[in-house]
Amino acid sequence: MASMSCEPEIAIVYSSVTGNTAELAGMLMECAQERWKNVRVFGPREFCREKITDFDAVMVGTYTWGSGEIPHDMRKVYRHFEASECKNVVTAVFGTGDSFFAEFCGGVDRFRDMLFVQTQLAAVLKVELSPEEREQSRCEKLIMAVGKKLPAEKVTVTHTI
Ligand SMILES: Cc1cc2nc3c(=O)[nH]c(=O)nc-3n(C[C@H](O)[C@H](O)[C@H](O)COP(=O)(O)O)c2cc1C
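A quick note: this is a predicted structure, and the numbers were derived from the prediction, not measured.

Parameters at a glance
Within every chain, residues take consecutive numbers counted from 1 along the sequence as written. With pLDDT at 70 or above as the cut-off, local features in this predicted model cover only qualifying residues; side-chain atom pairs require 80 or more to be listed or tallied, and sums for whole chains, interfaces and linings still use all residues. All axes here are fitted lines through C-alpha atoms, helices being fitted over the stretch that makes contact, and every angle between N-to-C directions spans 0 to 180 degrees. Only DSSP runs of H or I covering at least 4 residues are called helices, and only runs of E covering at least 2 are called strands; the numbering of each starts at the N terminus. If an angle is under 35 degrees, it is roughly parallel; if it is over 145, roughly antiparallel; if it lies from 65 to 115, roughly perpendicular; otherwise it is oblique. A crossing counts as left-handed when the near helix is turned anticlockwise from the far one by less than a right angle, and as right-handed when that turn is clockwise. With C-beta atoms placed from the backbone, a contact is any residue pair whose C-beta atoms sit within 7 Å. Three residue categories are used. Nonpolar comprises Ala, Val, Leu, Ile, Met, Phe, Trp, Tyr, Cys and Pro, charged comprises Asp, Glu, Lys and Arg, and polar comprises the others, including Gly. Remark: nonpolar core denotes a set of buried Ala, Val, Leu, Ile, Met, Phe, Trp, Tyr and Cys residues whose joining runs through C-beta atoms within 7 Å. Put plainly, a residue is buried at 20 or more neighbouring C-beta atoms within 10 Å of its own, exposed at 12 or fewer, and partly exposed in between, counting only other residues' C-beta atoms, which are placed from the backbone. Whether a residue is near a molecule or strand depends on its C-beta atom, generated from backbone atoms, being within 6 Å of that molecule or strand. If DSSP finds at least two bridges between two strands, the strands pair. Seen with its strands pointing away from the viewer, a crossover is right-handed if its path from the first strand over the helix to the second goes clockwise. UniProt positions are given in the numbering used here, feature names are shortened, and annotations may be inferred rather than shown by experiment. In a helix, the anticipated span is given by 1.5 Å times the number of residues less one. What the arc measures is the spread of directions leading from the helix axis to the C-beta atoms.

**Q** With reference to specific residues and values, describe the packing of helix α1 (residues 20-35) against helix α4 (residues 135-149).
**A** Relative orientation of the contacting elements α1 and α4 amounts to 50 degrees, with a least axis distance of 9 Å. Classed by the angle they form, the pair α1 and α4 counts as oblique. In this structure, α1 meets α4 at a crossing whose hand is right-handed. Of α4, the residues touching α1 (which contributes Leu-24, Met-27, Leu-28, Cys-31, Ala-32 and Arg-35) are Glu-135, Gln-136, Cys-139, Glu-140, Leu-142, Ile-143 and Gly-147. Its residues placed into classes, the contact of α1 with α4 shows eight nonpolar, two polar and three charged.

Here is the structure:
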């Protein structure tokens, strides 16, 4: 029997103050774990620049602060991607915001524009404040979009002879 497993390495890095983005990250993690074995979660401080290329896919989660800005703790993560050679890394960006503000989920938009240039951006997910049940299927779609962009050789191959 020959068995070759080349499971993709998946990371979720996010920040949250009042818990909305954390809740969304939790939903995404559950969906991701249904599909992949190796899913790790990081806070922005733990996710150093060198980590980016350790992963096949990175999902970045942010809330929005100021006037459509990326919050302070996530700016470091933004700069890590901006300064890295990571064109092969598949990414998605997700976040929560409040449409009361002029730039709804502006922090997500700023990440989206940079990740589109720097990485293989697969999906963007913006949620109004606290995620509701309907967000479940949106999370599943995001995970599917990420999966589709992963290289075919990362799919587990098992030969039983
Ligand atoms: C001072 C302040 C500024 C904010 N600015 C924006 C904004 O420009 N755009 C937006 O969509 N949401 C804005 N928000 C709303 C938060 O992004 C939103 O409540 C988010 O869900 C918080 O995420 P968290 O619960 O993960 O911390 C702002 C909130 C505060 C308190």
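Now that the structure has been shown, we can carry on.
**Q** Before we move on, can you summarise the nonpolar core with the specific residues and values?
**A** Residues Leu-28, Val-58, Phe-94 and Leu-142 are the most contacted members of the largest nonpolar core, which totals 43 residues. Put simply, the parts of the chain that give this core at least two residues each are β2 (9-14), α1, β4 (57-62), α2 (72-82), β5 (90-97), α3 (106-118), β6 (120-128) and α4. Of all the elements, α1 adds the most residues to this core, at six residues.

**Q** Any details on the site of the ligand? Residues and values, ideally.
**A** Looking at the ligand, there are 22 residues lining it, with Ser-16, Asn-20, Thr-21, Tyr-63 and Gly-97 nearest. Where the shell around the ligand is concerned, the elements lending two or more residues are α1 and β5. For the shell around the ligand, the element with the highest residue contribution is α1, accounting for three residues. For the shell around the ligand, the residue count by class is eight nonpolar, twelve polar and two charged.

**Q** Provide a residue-level description of the pairing of β4, including the pertinent values.
**A** Of all six residues in β4, six are buried; the element is thus mostly enclosed. Of the two faces of β4, both are covered, the one formed by Ala-57, Met-59 and Gly-61 as well as the one formed by Val-58, Val-60 and Thr-62. Where β2 lies against β4, five bridges are found, and the strand directions are parallel. Bridged to Tyr-14 within β4 is Gly-61. Sheet topology note: the β4/β5 ladder contains six bridges and is parallel. By the bridge assignment for β5, Val-58 is matched with Thr-91. The β-α-β motif built from β4, the intervening α2 and the parallel element β5 has right-handed crossover chirality.

**Q** Kindly report on the UniProt feature "domain: Flavodoxin-like" (unreviewed entry) in the protein, identifying the contributing residues and their values.
**A** On the UniProt side, "domain: Flavodoxin-like" (unreviewed entry) is annotated at positions that read residues 10-151 here. Along residues 10-151 the backbone is 39% helical and 23% strand, and the end-to-end C-alpha distance reaches 13 Å.

**Q** Before we move on, could you go through α1 and cite the residues and values that matter?
**A** Given 3.6 residues per helical turn, the α-helix brings residues three or four places apart onto the same face. Helix length check: α1, at 16 residues, gives a terminal C-alpha distance of 23 Å against a target of 22 Å (1.5 Å per residue), a fit within 8%. Along α1, the residues that are buried comprise Thr-21, Leu-24, Ala-25, Met-27, Leu-28, Cys-31 and Ala-32. For α1, the angular spread of the buried residues around the axis is 160 degrees, confining them to a single face. Looking at the buried positions of α1, the neighbouring elements they touch are β2, β3 (38-42), β4, β5, β6 and α4.

**Q** I'd like a description of unusual backbone geometry, backed by residues and values.
**A** Backbone geometry places Cys-105, a non-glycine residue, at a positive phi of 55 degrees. Among the structural elements, Cys-105 can be located in the loop between β5 and α3. A positive phi is found at Leu-129, a non-glycine position, where the angle reads about 50 degrees. Examined against the element boundaries, Leu-129 turns out to sit in the loop between β6 and α4. Judged by the 14 C-beta atoms lying within 10 Å of it, Leu-129 is partly exposed.

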